[in-house]
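Here is what each chain is made of, one letter per residue.
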Amino acid sequence: MKRLTRRIGDASARRPWVTIGAWVAALALVLPLAGLVGGSFVDDLVAPGSQSEKAMELLEDRFPEASGGSAVAVFAVPEGERIDRHRPAVEAAVDRIADVEHVATVTDPFTGGTISPDGRIGYVQVTFDVPPMKVHPRQIDALSDAIEPVRGDGVIAELGGDAVFINAETPTSGAEAAGLLSALVILVVAFGTIVAALVPIALALVAVAAGLGSIVLLAHATDVSTAAPTIGAMIGLGVGIDYALFIVARCRENRAAGQDNATALSNAMSSSGAAVLFAGGTVVVAMSALALTGLGFLTSIGLSTSLVVLFAVATALTLLPALLSLLGDRIHKARRHRWPRIRRAKKSVNPENPESPEQTAWWRFAHRVSGRPWPYLLAGSAVLLALAIPALRMETGFPDAGNDATSTTHRRAYDLLAEGFGPGFNAPLLMVADLRGPGVDAAGIPELARRVADDPGIASIGEPLFSTAGDTVVLPVLPTTAPADAATSDTLERVRGVIPDNVAVSGLTAMTDDLTSQLNDTLPVFIAAILVVSFLLLMLVFRSVAVPLKAAVMNLLSIGGAYGVVVAVFQWGWLGGLFNLHETVLIASPLPTIFFAVLFGLSMDYEVFLLSRVREEYDATGDPTESVARGMAVTGRVITSAALIMTVVFLSFVANPSPLVKMMGLGLATAIVLDATIVRMVLVPASMALLGRAAWWLPRPLDRRLPRIAVETVESVDAVESNESDDLPPPPEPTPAPTARIS
């Protein structure tokens, strides 16, 4: 791996303008192509093998006119007025809606009985001739244009329904730019020069631009979730800045150790470049594991995010060395004021060199933790476990339009419909009967409707609709409670318990409930798969059993803490005002799975960068305690800066009006903070001190059989040394830790 990244970096540095030109050409190809032939984003909300899927397939096959997507145009007037005073304007809007492409049927609220009891709110039911996931955003825009003139008549007009909600674009707050500006400030403080600070930002933007263009092209070939671009951009900005930061920092370190620019860059690409390649691969593996859920929209999120991460790795390994070779000494010259440090000779191993790791607070704190590992280990673990306690009461559900920001038209339509017709109006169910199968027949449909209507959770059942062939019948059902209400799920379960085998319940509410059930069932398998794969990868890299096991346990603790914070804020409402939350919401059922994939991958990034340097120091000194202290000392400022950058980038998404994006941003930011503070500063040195040399133990038979993958080990300028290990290998004779190293 080190040889590969060195060769890639050297080749890019030797021909910088060719490399830069290749990236410019790639962007010039991908972005316009995405605009021309790229597909639109759609959420495939079908749970494979579920009852709702069975019903939808039956409708598409035998009763396609009943399987189309639906929308609702809602019209309302102020209190004390009646909507029929504006009948001409509303009926004109109905005519315009009927002319929209793919609209199959439209109801007139004045002849169809869709006026609220107080006469203030009415709605137009719009049915498409394509499924809701296939309704194009341009049809939604055309509906919006059709109802716009009514607003000029003093009528409130909003669009809602399944097709509008599913195809709504994720809003943005603009705070992402503030996150990038904050990241730039942090980089300037860390590097002391604007040039060095701008390089990681530029690379991250290139990676995100290329990645998002590729996601749009992917949407042309397959269904891609509407959440994929937001999540991809969020992760891409974070890892893109971090990967460039680690390589630039190592290059500057090598330069400060006396190496010339070419050698410093080559060695940085060999050491930190290899760590970037492995860390990025870990994130890709974690995100790709979302395919294990069997859900199309999660698989598309995993593949889309993996694309952006791959571009982040590619820019770090190719475009970055090209830029660094052109910048030369300008990347190393610091311009910030160096504040004087107060040094205590008795705590300095090498007081003659004020820049040595022994002068840092990281080194001193690591020794303090190592001196009393048990209290620090127990205290740090207790904090993370305490933060994770709310996660034990996590309640998941699929978000509905009522969870979105009130600035969106589908949320306002949702509220008007609930006000005028009851909360269950927004949670319609469809009972679909296959009259060819054994069970209920056409004559038994009225009795089936009566039994279902007797359920206390059912508000009404519509008239049965028969297919042309008479072999399929649909019964519209309205519950008494809202889509995301737990009582609605209970009602759905009771209804499914009384219907015969040839009847299935579908509709968006039933589909999302089935999705939640499948996600809850597959989450343990998904977590186990990621843990096993990450354990094997870390064992290959670090030639150890204890290190990957420790990493998995600590990452679980930090992820559990992030889960707990999200539950406390969004589900319990703690500090909700701080995040502009006006009501509590359930945790979106896909988020625990997405969280785990993303957070585990990002946490492993810092684990790789820290422990690779610890292993390097251990190989040089043979002292397990000192190697941890020096590893923390040489990576402390860089990893802290990287974590701070990723935190501010993720926190910028908390300002997004969508509660779902807020959840994602807060959860990711929390996990990064916990990982960079409690885990890295306390748990890692404490556990490594307790393990001692056993931390690097690998059974001899296993050592002989496993392939060797080296990341960030000591090597010469001209050759990469092999890293042999034995069954609990004897350490080399301890030598004074060098203040300058050739990586």
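These numbers come from a predicted model, not from an experiment.

What counts and how
Residues numbered from 1 in each chain as written. Predicted model: local features only at pLDDT ≥ 70, side-chain atom pairs only at ≥ 80, totals over all residues. Heavy atoms only, no water. Helix = DSSP H or I, 4+ residues; strand = E, 2+ residues; numbered from the N terminus. Rg over C-alpha atoms; globule rule 2.2 N^0.38 Å. Buried < 20%, exposed > 50% of the residue type's maximum accessible area, 1.4 Å probe, protein only. Contact = heavy atoms within 4.5 Å. Areas by Shrake-Rupley, 256 points an atom, 1.4 Å probe, with all protein chains shown as cover. Patch = residues over 30% accessible without salt bridge, like charges linked within 9 Å, V, L, I, M, F, W, Y side chains within 5 Å. Salt bridge = Lys/Arg side-chain N within 4 Å of Asp/Glu carboxyl O. Pairing = 2+ DSSP bridges. Axes fitted to C-alpha atoms, helices over the stretch in contact; angles between N-to-C directions. Expected span 1.5 Å × (residues − 1). Arc of directions from axis to C-beta. Core = buried A, V, L, I, M, F, W, Y, C linked by side-chain atoms within 4.5 Å.

Q: Run through the overall build of the chain, naming residues and quoting values.
A: For the chain, the helix and strand inventory stands at 22 helices and eleven strands. A compact globule built from 743 residues should have a C-alpha radius of gyration of about 27 Å, and the chain, at 30 Å, falls within 12% of that. Overall, the chain is about 90 × 50 × 45 Å in size when its C-alpha atoms are taken along their principal axes. The buried share of the chain, taken over its 743 residues, is 56%. Contacts in the chain between residues at least 24 apart in sequence constitute 80% of all its contacts with a sequence separation of at least 6. Accessible surface, the chain: about 29,500 Å² in total, of which carbon and sulfur atoms supply 61%.

Q: I'd love a proper account of a nonpolar patch on the surface, names of residues and values included.
A: A cluster of nonpolar residues, L29, L33, L36 and V37, forms a patch on the protein surface that exposes about 390 Å² of accessible area. Structurally, L33 can be placed in helix α2 (residues 16-37).

Q: Requested: an account of the sheet that holds strand β2 (residues 103-106), with residues and values cited.
A: Reading across from one edge, β2-β3-β1-β4 is the order of the four strands in this open sheet, with antiparallel pairing throughout. Only two strands of the sheet have a single neighbouring strand rather than two, namely β2 and β4 (156-160). Within this sheet the neighbouring strands show an average axis-to-axis angle of 20°, counted without direction. Looking at chain direction, strand β1 (residues 70-76) and β4 are connected through five bridges and run antiparallel. By the bridge assignment for β4, A76 is matched with I156. Strands in contact with helix α4 (residues 87-98) are β1, β2 and β3 (121-128); relative to β2, the strand with the most contacts, it is inclined by about 155°. Set on the sheet, helix α5 (residues 137-151) makes contact with β1, β2, β3 and β4; between it and β4 the angle comes to about 165°.

Q: I'd like a rundown of helix α13 (residues 373-388), residues and numbers included.
A: Side chains three or four residues apart in an α-helix point the same way, a direct result of the helix having 3.6 residues per turn. Spanning 16 residues, α13 covers 22 Å between terminal C-alpha atoms, matching the ideal 22 Å at 1.5 Å per step. For α13, the complete set of buried residues consists of P373, L377, G380, S381, L384 and A388. Across the axial projection of α13, the buried residues extend over an arc of 95°, all falling on one side. Structurally, α13 contributes buried residues whose contacts are with α12 (361-371), α18 (546-571) and α21 (659-691).

Q: Can you tell me about the nonpolar core, naming the residues and giving the values?
A: Counting residues in hydrophobic clusters, the biggest one holds 168 residues, and the most contacted among them are I235, Y243, I301, F570, F650, L683 and M688. With 27 residues, the next largest nonpolar core counts I83, V94, V126 and V150 among its residues.

Q: With reference to specific residues and values, describe the pairing of strand β9 (residues 472-479).
A: β9 sits mainly inside the fold: six of its eight residues count as buried. Bridge count for strand β7 (residues 458-461) against β9 is three bridges, and the pairing is antiparallel. For I461, the partnering residue across the bridge sits in β9 and is V477. Of the strand pairs in this sheet, strand β8 (residues 465-466) and β9 are connected by two bridges, and their pairing is antiparallel. From the neighbouring strand, F466 faces β9, where its bridge partner is V473. Connecting β8 to the antiparallel partner β9 that follows it, the hairpin turn spans five residues, and G470 within it adopts a positive phi of roughly 75°.

Q: Can you explain the pattern of salt bridges? Please cite residues and give values.
A: Following the criterion strictly, the structure yields 26 salt bridges and no others. Measuring nitrogen to oxygen at the nearest pair gives 3.0 Å for the salt bridge that ties D329 to R255. Placement of the pair is D329 in the loop between α11 (296-327) and α12 and R255 in helix α9 (residues 228-256), with a sequence separation of 74 residues. Relative accessible area serves as the criterion here: at 27%, R255 is assigned to the partly exposed category. Of the charged contacts, one joins E583 and R411 as a salt bridge, the two residues approaching to 3.5 Å between their closest N and O atoms. In this pair, E583 is assigned in the loop between α18 and β11 (587-588) and R411 in helix α14 (residues 409-421), connecting sequence segments 172 residues apart. The class of E583 is partly exposed, set by a relative accessible area of 39%. Overlapping salt bridges, with partners in common, bring together E148, R151, E158 and R412 in one network.

Functional significance is not addressed by these values, which are geometric in nature.
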